[in-house]
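Structure at a glance
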Amino acid sequence: KPTNNSLVFSHLARCHKLKNQEMLIRAFNRIRDEGFDVILLVIGSGFEKESGLLSLAHKHIHFLGAKPNVMDYLFISDAFCLSSISEGMPISLIEALACGCIPVCTPVGGILNTIQNGVTGFLSKSISEDDYVDILRTFIKERNKIDKNRLIEYYFENFSIEKCYQKYLELYLNPNTQN
């Protein structure tokens, strides 16, 4: 961390157009240019082939490559960022919740069913850069309103392997009911 007050954001994803990483980088450049003390850790493969993304990023954005210990990064991060234009139910979001890392995401796919804005994370209004910058500002100002321990409880109540097992078992035993 450059300073004790620096906020650490982590982005866990492979390099792919659907992950909207060019917008994410531009948004973080803007936030930093506005004077916010933030860094972004980009964890995932394929970025070394995207010199355009690497050259777009200012020095507060760090490309770490693929890592086997992503949970360690989530535990030390203030927020988890996902800027996708399309998603199913991202495993990285579930991992972030399990670590009590506050999600800051775009409103797509299963993310909409998982994040209650201001309660279990922060959702931008759209996938646009302006809206994502707005939600980053909101996170910076209101992050202390979210109880990280409550995020971990939310994970265990909804996404733990035991809970998923129970839900699948109910579905298979009672295929005509909806959960």
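First, a word on scope: everything that follows refers to the structure included in this document. Owing to the predicted nature of the structure, the values given are computational and were not obtained by experimental measurement.

At their nearest, the axes of helix H4 (residues 91–98) and helix H7 (residues 148–158) sit 7 Å apart, and the two run at 125 degrees to each other. It follows that H4 is oblique to H7 by the angle criterion. Contacts from Ile94, Leu97 and Ala98 in H4 reach Leu151, Ile152, Tyr154 and Tyr155 in H7. Tallied by class, the residues present in the contact of H4 with H7 amount to seven nonpolar, no polar and no charged.

A grouping of Leu18, Ile85 and Ile127 is seen on the molecular surface, where their side chains present a nonpolar patch of about 220 Å² in accessible area. Turning to its location among the elements, Ile85 is positioned in the loop between strand S4 (79–82) and H4. On the accessibility criterion, Ile85 (37% relative accessible area) is partly exposed.

Here six strands make up an open sheet; going across it, the order is S3-S2-S1-S4-S5-S6 and the pairing parallel. Edge strands, defined here as strands with exactly one partner in the open sheet, are strand S3 (61–65) and strand S6 (122–123). Of the pairings in the sheet, the one linking strand S5 (residues 102–105) to S6 comprises two bridges and is parallel in character. When the bridges of S6 are listed, Cys105 appears paired with Leu123. Most of the contacts of H4 go to S4, to which it runs at about 170 degrees, and overall it touches strand S1 (7–12), S4 and S5. Packed onto the sheet, helix H6 (residues 129–142) meets S1, strand S2 (38–43), S4, S5 and S6 and runs at close to 160 degrees relative to S5.

Below, the discussion takes up the packing of aromatic side chains. If you walk through the whole model with that rule in mind, you get seven aromatic pairs. Taking the centre distance of 5.3 Å and the plane angle of 65 degrees together, the rings of Phe9 and Phe139 count as edge-to-face. Of this pair, Phe9 sits in strand S1 while Phe139 sits in helix H6, and the two are 130 residues apart along the sequence. As far as the burial class goes, Phe9 and Phe139 line up, both buried. Following the ring pairs from residue to residue traces out a cluster consisting of Phe9, Phe28, Phe122 and Phe139.

Where helix H1 (residues 21–33) contacts H6, the axes come no closer than 9 Å and their chain directions differ by 50 degrees. With respect to their mutual orientation, H1 and H6 come out oblique. In this structure, H1 crosses over H6, and the sense of that crossing is right-handed. Taking contact as the criterion, the partners of Met23, Leu24, Arg26, Ala27, Phe28, Arg30 and Ile31 in H1 are, on H6, Glu129, Asp130, Tyr132, Val133, Leu136, Arg137 and Ile140. Across the contact of H1 with H6, the residue classes tally to nine nonpolar, no polar and five charged.

Tallying each qualifying case throughout the model produces eleven salt bridges. We note a salt bridge from Arg26 to Glu22, for which the minimum N-O separation is 3.0 Å. Of the two residues, Arg26 and Glu22 both sit in helix H1, four residues apart, roughly one turn of that helix. Owing to a relative accessible area of 29%, Arg26 belongs among the partly exposed residues under this scheme. Of the residues examined, Glu22 reaches a relative accessible area of 42% and is grouped as partly exposed.

Topologically, Ser10 is positioned in strand S1. On the basis of relative accessible area, Ser10 is assigned to the buried category, the value being 0%. A distance of 2.6 Å separates a polar atom in the side chain of Ser10 from a polar atom in the side chain of Ser77. Contacts of Ser10, omitting those with residues within four sequence positions, involve Leu40, Leu41, Tyr73, Leu74, Ser77, Ala79, Phe80 and Cys81.

Quick notes on the rules
Residues numbered from 1 in each chain as written. Predicted model: local features only at pLDDT ≥ 70, side-chain atom pairs only at ≥ 80, totals over all residues. Heavy atoms only, no water. Axes fitted to C-alpha atoms, helices over the stretch in contact; angles between N-to-C directions. Helix = DSSP H or I, 4+ residues; strand = E, 2+ residues; numbered from the N terminus. Parallel < 35°, antiparallel > 145°, perpendicular 65-115°, else oblique. Contact = heavy atoms within 4.5 Å. Nonpolar A, V, L, I, M, F, W, Y, C, P; charged D, E, K, R; others polar. Patch = residues over 30% accessible without salt bridge, like charges linked within 9 Å, V, L, I, M, F, W, Y side chains within 5 Å. Areas by Shrake-Rupley, 256 points an atom, 1.4 Å probe, with all protein chains shown as cover. Salt bridge = Lys/Arg side-chain N within 4 Å of Asp/Glu carboxyl O. Buried < 20%, exposed > 50% of the residue type's maximum accessible area, 1.4 Å probe, protein only. Pairing = 2+ DSSP bridges. Phe/Tyr/Trp six-rings, centres within 6.5 Å; stacked < 30°, edge-to-face > 60°. Left-handed = near helix turned anticlockwise from the far one by under 90°. Polar contact = N/O pair within 3.5 Å; in protein donor to acceptor, adjacent residues only side chain to side chain.

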